[in-house]
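Here's the letter readout for the chains.
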Amino acid sequence: MSTNNTSKEVETTGHVWDGDLREYSNPLPSWWLWTFYGTIVFSLIYWVLYPTWPIGNDFTKGIKTIEVKDEQGKVIYDGHWNTRALLLDEMRNSPAALRQKEGIEMVKNASYEQILASPEMMSFARSMAKGLFGDYCAACHGTGGQGVLPYFPNLADDDWLWGGKVENIQKAITSGLKGNMPGFPTIQGQALDDLALYVLSLSGEKVDAAAAERGKKGYAMCMGCHGADGKGNAMLGAPNLTDKVWTVANVPGAGSIEGMKQEITNVIHKGIKREMPAFGHRLKDYEIKMLTVYVHEMGGGK
Ligand code: HEC
Ligand code: HEC
């Protein structure tokens, strides 16, 4: 049998079980042995340099040290090496952290005109503002800024209640907004229907022309805010009624002229109260600046 042949060539430990079961005494492969010795040497060096063994409530600190400086070059940590100090250092001094600091400085010192004209600053502001928008704005306006009819306006269209210039957007974020249209419960019946149809005719909906013509009279009460031509007034947050963009009345989803009329009569009857909270005290100036250009770009701002 072949096992008998090999057992003659290789040394065994001398133990025998069941009459013929023997254990070889092969030496360990040298690559394995040297790797093993290597790990021992590594662990000894590691032990001397780095924090290693727990001793009671303490631990061996190692002789390697680390120094961390803050923005002004002041030393804020100088002591034995540990991963917390390393993280502290990375957060302040890693290439990514330095790039971010540099970007913030750049944006802080630049005008809106300069930021909008610089692809570099825009791409930086975009990347930071995306996170801020997710944290502070998306709950209401949606991650893409698409809004929720009739509660929160769409920021991603090029249609603005309060104006789409950077100054308008910055003011909205800093001070908040109060969208306020009084209700007109005294307008009722045919007069209400006719007025609603007139409003729909402003944006080109095919409505009964005679009814719309009759409704035009009632519109006199609306002009103060929505303008004689229905184009709105950004000072008051009063929307343009002549475009086909709706932020409160769900005209596009109504399906029929009758349904559209219902949406408009609702608004006229009840009025609107919407509020956007102020962020001036919650966000840093440069954060508001980045959000402003982000929202401006999102809507293809003016
Ligand atoms: C609690 C909900 C809420 C949050 C959070 C919120 N908004 Fe608004 N926002 C509103 C409402 C409601 C309006 C509409 C105000 C009105 O009816 O005139 C609005 C309007 C706006 C407008 C004006 C739009 C226009 O058409 O003129 C801008 C710009 C805007 N929000 C930006 C932001 C940004 C940026 C953030 C995050 C920092 C944010 N909003 C967070 C509710 C919110
Ligand atoms: C005091 C100013 C004011 C007056 C007067 C006023 N509105 Fe408004 N109207 C607003 C404002 C502000 C909004 C937007 C509110 C918001 O977005 O929070 C609005 C919104 C609307 C909307 C919703 C538009 C949309 O995009 O969904 C309709 C429709 C409308 N008004 C019709 C009228 C009609 C018709 C009258 C006259 C009977 C009238 N309004 C009178 C200020 C006014």
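Residues numbered from 1 in each chain as written. Chains lettered and ligands numbered in written order. Predicted model: local features only at pLDDT ≥ 70, side-chain atom pairs only at ≥ 80, totals over all residues. Heavy atoms only, no water.

Here we look at helix α13 (residues 285-298)
Item 1. The terminal C-alpha atoms of α13, which comprises 14 residues, lie 20 Å apart, in line with the 20 Å expected from a rise of 1.5 Å per residue.
Item 2. Here α13 lies mainly inside the structure; twelve of its 14 residues are buried.
Item 3. Taken as a whole, α13 has its buried residues at Y286, E287, I288, K289, M290, L291, T292, V293, Y294, V295, H296 and M298.
Item 4. Tucked into the core, α13 has its buried residues touching α4 (95-109), α5 (112-117), α6 (119-136) and α8 (166-175).
Item 5. At the exit of α13 stands G300, carrying a positive phi of roughly 55 degrees. (Helix = DSSP H or I, 4+ residues; strand = E, 2+ residues; numbered from the N terminus. Expected span 1.5 Å × (residues − 1). Buried < 20%, exposed > 50% of the residue type's maximum accessible area, 1.4 Å probe, protein only. Contact = heavy atoms within 4.5 Å.)

Things to note about the site of ligand 2
Item 1. The environment of ligand 2 is formed by 27 residues, the closest being M181, C222, C225, H226 and V248.
Item 2. At a separation of 2.8 Å, a nitrogen atom of ligand 2 approaches a polar side-chain atom of H226.
Item 3. Within the backbone of V248, an N or O atom sits 2.7 Å from an oxygen atom of ligand 2.
Item 4. Counting only elements with at least two residues in the shell around ligand 2, the list comes to β7 (177-181), α9 (189-202), α11 (223-226), α12 (257-270) and β8 (272-276).
Item 5. In terms of residue class, the shell around ligand 2 is made up of 21 nonpolar, five polar and one charged. (Near = heavy atom within 4 Å. Polar contact = N/O pair within 3.5 Å; in protein donor to acceptor, adjacent residues only side chain to side chain. Nonpolar A, V, L, I, M, F, W, Y, C, P; charged D, E, K, R; others polar.)

Side note on the site of ligand 1
Item 1. Near ligand 1 there are 22 residues, and of these C137, C140, H141, W162 and M276 occur at the shortest range.
Item 2. In the model, an oxygen atom of ligand 1 is placed 2.8 Å from a nitrogen or oxygen of the L161 main chain.
Item 3. The contact in question runs from an oxygen atom of ligand 1 to an N or O atom on the side chain of W162, over 2.7 Å.
Item 4. Looking at which element gives the most residues to the shell around ligand 1, the answer is β8, with three residues.
Item 5. Looking at the shell around ligand 1, its residues break down into 17 nonpolar, two polar and three charged.

Overview of the coordination of the iron atom of ligand 1
Each pair of donors in an ideal octahedron of six around a metal sits at 90 or 180 degrees, and each pair in an ideal tetrahedron of four sits at 109.5 degrees.
Item 1. Protein coordination of the iron atom of ligand 1 is provided by H141 (NE2) and M276 (SD), with donor distances spanning 2.0 Å.
Item 2. Each of the six donor atoms bound to the iron atom of ligand 1 contributes to angles spanning 88 to 180 degrees, and the resulting shape is octahedral. Residue H141 is located in helix α7 (residues 138-141), and its partner M276 is located in strand β8; the two are separated by 135 residues in the primary sequence. (Donors = N, O, S within 2.8 Å, 3.2 Å for Na, K, Ca; no water. Tetrahedral: all angles 85-135°; square planar, octahedral: opposite > 155°, others 65-115°.)

Some details on the coordination of the iron atom of ligand 2
Item 1. Protein ligation of the iron atom of ligand 2 involves M181 (SD) and H226 (NE2), the donor distances falling in the range 2.0 to 2.1 Å.
Item 2. Each of the six donor atoms around the iron atom of ligand 2 contributes to a set of angles spanning 88 to 179 degrees, which defines the coordination as octahedral. Taken as a pair, M181 in strand β7 and H226 in helix α11 lie far apart in primary sequence, 45 residues in all.
Item 3. You can call H226 buried: its relative accessible area is 10%.

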